[in-house]
Amino acid sequence: LNSHCLDVPDWHAPRDSDQVVMTLAECLELQLSEIDLLLSMYPEENELKFDDPLALANIRQVVEGADNSIDILPSLSFSLNLRCGGSDGDESASPVQIQFRLPKCYPEQECAEVYVSSQLFSRQSQSELNCELKEHCTNSLSGECIVLSVSQWVQDNFERFLPPLSADPLCAASSAFSSAADPDEFARIWLYMHHIYSKVKRKDILDWAHELKLTGFCLPGKPGVVCAEGCARSVDDFFHRLRHMTWKRMTCKHREAITGSCDELRAFSGFAEMNLTSEHGSSQHNQYHSDMGLFLRFLDKHGFRNMFQVVLGVEGRLPEDDGDR
């Protein structure tokens, strides 16, 4: 992607050479600050890839004053590999790559070159995304660091450029399977989310469950848990709608499929949001963290005590359990 760049002065024109070196060094220092922040945010080996790892080390040496060969430094190029809209390693996450090239004079005199790609985008939608992103970068103020804002912009906007559900091969295959299934096939899914805070998402979960005639519950907060049951086609539709929302982490922990009457196999009478906030205080922590003891008791009441460990990965114990020893 060719970026729009400001006119770059002739750094080798007769002028105060100390001032020139200081200006370049300041640009490199800003670049290094951005990179260090990215490394802290994306520590996994496959998340941040440098085209030339030695270039980063050379820039660090120049900034720290251990090397003064500033004029021969190459531009810094790297790729940021994101998993957007789901959990890492999960089919619900969308792989998106952002390629950056930071000229030596970025951000003071030159713009970063940025290009976004993903196998999920069509050629046209990928082109449209990069055109909008280029405009976003061009509108940034001169001297403003944009690497973090670009990564956030991509995560906030990538879903607008995904194909519609009907064109998604994964969804299409699932739809074909569901349409051929017995209309009375019953399914129940258990979803784990890193958190469910957004009021918009919580409303959508309730609205979609009611629209699709599903029963179950939504446990908001951190962590978030959703259980939905009903006609298999409706359950699959519900899951595919959720996986196209942006989540820090979302995983389908368990799916049951049974042939039989959906109404007779339901374990819940409706679909509702649960409020299991601990009564021991009203701190901000308690507002966003459900009481897992109350959640375990709820599951136990409905015959799903074993799902506590399946969904949350820890064994649940009630006070009376210790008395039975």
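Up top you'll find the structure we're talking about.
Residues numbered from 1 in each chain as written. Predicted model: local features only at pLDDT ≥ 70, side-chain atom pairs only at ≥ 80, totals over all residues. Heavy atoms only, no water.

(A) Structural view of the sheet that holds strand 7 (residues 224-231). Strands sit in the order 8-5-7-6-9 across an open sheet of five strands; the sheet is mixed. Only two strands of the sheet have a single partner each, and these edge strands are strand 8 (250-259) and strand 9 (271-273). Each strand of the sheet is rotated relative to its neighbour by a mean of 10°, with strand direction disregarded. Bridging between strand 6 (residues 215-219) and strand 7 involves five bridges; their strand directions are antiparallel. Residue pairing across strands places Gly-216 opposite Ala-228, the latter belonging to strand 7. (Pairing = 2+ DSSP bridges. Helix = DSSP H or I, 4+ residues; strand = E, 2+ residues; numbered from the N terminus. Axes fitted to C-alpha atoms, helices over the stretch in contact; angles between N-to-C directions.)

(B) Structural detail: the environment of Asp-236. Along the chain, Asp-236 falls in helix 7 (residues 232-243). Note on Asp-236: relative accessible area 11%, which makes it buried. Along the chain, Asp-236 and Ile-189 lie 47 residues apart, while their C-alpha atoms are 8.9 Å from each other. A polar contact is formed between the side chain of Asp-236 and the side chain of Arg-255, at a distance of 3.1 Å. (Buried < 20%, exposed > 50% of the residue type's maximum accessible area, 1.4 Å probe, protein only. Polar contact = N/O pair within 3.5 Å; in protein donor to acceptor, adjacent residues only side chain to side chain.)

(C) Main features of the packing of helix 6 (residues 199-211) against helix 7. Contact geometry of helix 6 with helix 7 gives a least axis separation of 10 Å together with a crossing angle of 160°. On the basis of the axis angle, helix 6 is roughly antiparallel to helix 7. Remark: the crossing between helix 6 and helix 7 carries right-handed chirality. Residues Ile-205, Trp-208, Ala-209 and Glu-211 of helix 6 form the contact with helix 7, whose own contacting residues are Phe-238, Arg-241 and Leu-242. Residues that form the contact of helix 6 with helix 7 fall into these classes: five nonpolar, no polar and two charged. (Parallel < 35°, antiparallel > 145°, perpendicular 65-115°, else oblique. Left-handed = near helix turned anticlockwise from the far one by under 90°. Contact = heavy atoms within 4.5 Å. Nonpolar A, V, L, I, M, F, W, Y, C, P; charged D, E, K, R; others polar.)

(D) Molecular detail of a positive patch on the surface. Side chains of Lys-222, Lys-248, Arg-249 and Lys-253 sit close together on the surface and give a patch of like positive charge. Given a relative accessible area of 57%, Lys-248 falls into the exposed group. (Patch = residues over 30% accessible without salt bridge, like charges linked within 9 Å, V, L, I, M, F, W, Y side chains within 5 Å. Areas by Shrake-Rupley, 256 points an atom, 1.4 Å probe, with all protein chains shown as cover. Salt bridge = Lys/Arg side-chain N within 4 Å of Asp/Glu carboxyl O. Lys, Arg positive; Asp, Glu negative; His and termini not counted. Charge placed at Lys NZ, Arg CZ, Asp CG, Glu CD.)

(E) Structural detail: the pairing of strand 5 (residues 185-193). Buried residues dominate strand 5, accounting for nine of its nine residues. Across the two faces of strand 5 the burial is the same, with Glu-185, Ala-187, Ile-189, Leu-191 and Met-193 and Phe-186, Arg-188, Trp-190 and Tyr-192 all buried. Bridge count for strand 5 against strand 8 is nine bridges, and the pairing is antiparallel. Paired with Tyr-192 across the two strands is Thr-251, which belongs to strand 8.

(F) Quick look at the packing of aromatic side chains. In total, this model carries eleven aromatic pairs according to the counting rule given. Where Phe-217 meets Phe-268, the ring centres are 5.7 Å apart and the plane angle is 70°; that geometry is what we call edge-to-face. Linking Phe-217 in strand 6 with Phe-268 in the loop between helix 8 (262-265) and strand 9, this pair joins segments that are 51 residues apart in sequence. Look at Phe-268 and you get buried, because its relative accessible area is 8%. (Phe/Tyr/Trp six-rings, centres within 6.5 Å; stacked < 30°, edge-to-face > 60°.)

(G) View of the packing of helix 3 (residues 123-138) against helix 4 (residues 147-157). With their axes 11 Å apart at the nearest point, helix 3 and helix 4 run at an angle of 145° to one another. Here the hand of the crossing between helix 3 and helix 4 comes out right-handed. Across the interface between the two elements, Leu-129, Glu-132, Leu-133, His-136 and Cys-137 of helix 3 pack against Ser-149, Val-150, Trp-153 and Val-154 of helix 4. Taken together, the residues that form the contact of helix 3 with helix 4 break down as six nonpolar, two polar and one charged.

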